[in-house]
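Descriptive analysis of the structure
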Amino acid sequence: MASPSTNLVVKKGTNSPIWQYFGFRPNERGQPRDTSEVVCRICGQVIRAKDAQTTNLHDHLRVHHPAEYSSLPVSSSRTTELRRNQPTLSEAFAKVTKYKRDSERWKQCTDAVTRYLAKEMVSFNTVEKSAFKAMLQIFDKQYELPGRRFFSKTAVPKLYNDIRANILAELDDVEYLALTTDMWSSCNMMPYMSVTAHYVSKEWTLKSKCLQTSFMPESHTADNLEEALQESVHEWKIEENKISCITTDNGANVVAAIRQLKWPWLSCFGHNLNIAINNSLKKQQASTDRAFGVCRAVNTAFSHSWWRRRELSKAQEELKLPHHSLITDCATRWGSKQRMVERILEQVQAIKRVFAQDKSRRPLPQLTWQDISVLEAVNSGLKPVAEFTDIRAGELGARCETYSRPEACHLGADGRQI
């Protein structure tokens, strides 16, 4: 810190009391040498002050010499600053007063949280987590978040009932609709059945609504599936003469259930395509088994080693390849097999470089030129079908020959009902 200085001069015409603590270094004539450099008489520190303005001087005195600063008389500039920074009485109360539960703002905030819970399918426990509460307090300090029980017992059921009422009104207006249904299992292997309705609205817009996803612990016999489908139709007040058709996979049990219901039936195109391609691959199993096995072994080698994944990223950078991860195929999705093969072919040079640098003693899968030739042939055969499937899946609107997985509720990307 600089030593205090008393050999300082003050610029003429400066009447502010702040100058008793500051001054300028004098020149040979006893006048300020540089009016942009003000020296503190207490600590000797130089403060930059353009045209001898006192804002920085007040700040220096307030921070470094609070006792002297408190002794200064309150100037008009300081009074203005205090008034500007000090909230009014009503503003101060508003910041600490919580919204009433019947206020419009509280309802807006609670509705936004409710839609977030439903749309993102997160746990009700989220509203009791400290980080979530802190985030909402930053957004709006006056909003008091209800507890988990309120959302699970009141808010989300009300949202469901409101949306259900709107969908029932839409279904009542349509002349015909198509249904799709599918049996599926959750990650913990719990069985469910989903039913989706597809129809054209009064505005001539194709719409698709997942009506329900029902727990199906019973045996999936034709009789049980028939009963479950009939219950879902009656629950949503759909007259059976409005059903133009229902689309399912080719499972014998569900086909028999539809036959018993005497509803028009269409076989799922995606399911048939999957069967056709898998049957075609089985006919070439002798020549493709090794190549597919090597692909899966390569994926396993990288999935079990952080070092290999890191080196793969470096090799991709050096070889100027896309920074893509490897893909493992899924037995029930033929498209994943084509994507796995295509990704291996894309990254084959990077994969070989990583394996060449690997000093582990474990044997690594080797992609021979014969394997690559087989994979190229498979990819060239499957890629056009995959592109067709992607184009078809990307078309806007619903079709009676496709089916969709269940949604938590019918909300758009912006959280509003669609």
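If you're wondering where the values come from, they're calculated on a predicted model, not measured in any experiment.

Rules behind the numbers
Residues numbered from 1 in each chain as written. Predicted model: local features only at pLDDT ≥ 70, side-chain atom pairs only at ≥ 80, totals over all residues. Heavy atoms only, no water. Helix = DSSP H or I, 4+ residues; strand = E, 2+ residues; numbered from the N terminus. Buried < 20%, exposed > 50% of the residue type's maximum accessible area, 1.4 Å probe, protein only. Contact = heavy atoms within 4.5 Å. Areas by Shrake-Rupley, 256 points an atom, 1.4 Å probe, with all protein chains shown as cover. Patch = residues over 30% accessible without salt bridge, like charges linked within 9 Å, V, L, I, M, F, W, Y side chains within 5 Å. Salt bridge = Lys/Arg side-chain N within 4 Å of Asp/Glu carboxyl O. Lys, Arg positive; Asp, Glu negative; His and termini not counted. Charge placed at Lys NZ, Arg CZ, Asp CG, Glu CD. Pairing = 2+ DSSP bridges. Axes fitted to C-alpha atoms, helices over the stretch in contact; angles between N-to-C directions. Phe/Tyr/Trp six-rings, centres within 6.5 Å; stacked < 30°, edge-to-face > 60°. Expected span 1.5 Å × (residues − 1). Bend = angle between axes of the 7 residues up to and from the residue. Parallel < 35°, antiparallel > 145°, perpendicular 65-115°, else oblique. Left-handed = near helix turned anticlockwise from the far one by under 90°.

**Brief notes about the overall build of the protein**
Along the backbone of the protein there are 14 helices and eight strands. Per-residue burial for the protein yields a buried fraction of 37% across its 418 residues. Taking all contacts inside the protein whose residues are at least 6 apart in sequence as the whole, residues at least 24 apart take part in 55%. Of the roughly 25,700 Å² that the protein leaves accessible, carbon and sulfur atoms contribute 53%.

**Details of a negative patch on the surface**
A cluster of acidic residues, Glu218, Asp223, Glu227, Glu231 and Glu235, forms a negative patch on the protein surface. Mapped onto the elements, Asp223 comes out in helix H8 (residues 222-235). With relative accessibility at 51%, the residue Asp223 sits in the exposed group.

**Examining the sheet that holds strand S7 (residues 243-248)**
Spatially, the five strands line up as an open sheet ordered S6-S5-S4-S7-S8, and their pairing is mixed. Of all the strands in the sheet, the pair left with one neighbour each is strand S6 (206-215) and strand S8 (265-267). The sheet shows a mean angle of 25 degrees between the axes of neighbouring strands, direction not considered. Where strand S4 (residues 177-185) and S7 come together, four bridges link them in parallel fashion.

**Thoughts on the packing of aromatic side chains**
Under the defined criterion, the tally for this structure stands at eight aromatic pairs. Ring geometry for Trp184 against Tyr192: centres 5.2 Å apart, planes inclined by 25 degrees, an arrangement best described as stacked. When its relative accessible area of 21% is taken as the criterion, Trp184 is described as partly exposed. Overall, the relative accessible area of 23% leaves Tyr192 in the partly exposed class. Taking 5.4 Å as the distance between ring centres and 25 degrees as the angle between the ring planes, the aromatic pair formed by Phe302 and Phe355 counts as stacked. Placement of the pair is Phe302 in helix H11 (residues 285-303) and Phe355 in helix H13 (residues 334-357), with a sequence separation of 53 residues. Exposure remark for Phe302: the relative accessible area of 3% places this residue in the buried category. Exposure remark for Phe355: the relative accessible area of 10% places this residue in the buried category. Aromatic ring contacts, followed pair by pair, group Trp106, Tyr143, Phe150 and Phe151 into a single cluster.

**Here we look at the environment of Lys320**
Looking at the element boundaries, Lys320 is found in the loop between helix H12 (306-318) and H13. Considered as a pair, Lys320 and Ala350 are 30 residues apart in the sequence and their alpha carbons are 9.7 Å apart.

**Section: a nonpolar patch on the surface**
The grouping of Met135, Ile138 and Phe139 at the surface amounts to a nonpolar patch, some 360 Å² of accessible area in total. Here Phe139 is to be found in helix H6 (residues 130-139). You can call Phe139 exposed: its relative accessible area is 60%.

**Section: helix H7 (residues 148-173)**
The terminal C-alpha atoms of H7, which comprises 26 residues, lie 37 Å apart, in line with the 38 Å expected from a rise of 1.5 Å per residue. The sharpest bend along H7 comes to roughly 30 degrees, located at Ala155, with the proline Pro157 sitting one to four residues further on. Those residues of H7 that sit buried are Phe151, Ala155, Val156, Leu159, Ile163, Arg164, Ile167, Leu168 and Leu171. Contacts from the buried residues of H7 go to helix H5 (104-120), S4, strand S5 (191-200), S6 and H8.

**Looking at the packing of H12 against H13**
When two helices pack together, their arrangement is captured by the angle between the axes and the distance separating the axes. Viewed as axis vectors pointing N to C, H12 and H13 meet at an angle of 130 degrees, and their least axial separation amounts to 9 Å. By the angle between their directions, the pair H12 and H13 is classed as oblique. The handedness of the crossing between H12 and H13 is right-handed. Counted together, Trp307, Arg308, Glu311, Leu312, Ala315, Gln316 and Glu318 of H12 and Gln347, Ala350, Ile351, Arg353, Val354, Phe355 and Gln357 of H13 form the full contact between these two elements.

**Considering the environment of Phe269**
Among the secondary structure elements, Phe269 is positioned in helix H10 (residues 269-283). Its relative accessible area of 31% is what places Phe269 among the partly exposed residues. On a C-alpha basis, the gap between Phe269 and Asp249 in space is 8.4 Å, while along the polypeptide they are 20 residues apart.

**A short note on the pattern of salt bridges**
Pairing between side chains of opposite charge can happen when the charged atoms of each approach one another. All told, the structure shown has 17 salt bridges when counted by the stated rule. When the shortest N-O distance is used, the salt bridge between Asp329 and Arg296 registers 2.9 Å. With Asp329 in the loop between H12 and H13 and Arg296 in helix H11, the pair connects residues that are 33 residues apart, well separated along the chain. According to the relative accessible area criterion, Arg296 is partly exposed, its value standing at 33%. The shortest N-O distance in the salt bridge between Arg343 and Glu346 comes to 3.5 Å. In this pair, Arg343 and Glu346 are both assigned in helix H13, three residues apart and thus about one turn of the helix distant.

**What about the sheet that holds strand S1 (residues 22-23)?**
Read across the open sheet, the three strands follow the order S1-S2-S3; overall the sheet is antiparallel. For this open sheet the edge positions go to S1 and strand S3 (46-48), each flanked by a neighbour on one side alone. In this sheet, strand S2 (residues 37-40) lies alongside S1 in antiparallel orientation, the contact comprising two bridges. Looking at the pairing, Phe22 lines up with Cys40 of S2. Along the sheet, helix H1 (residues 55-64) makes contact with S1, S2 and S3, crossing S3 at roughly 140 degrees.

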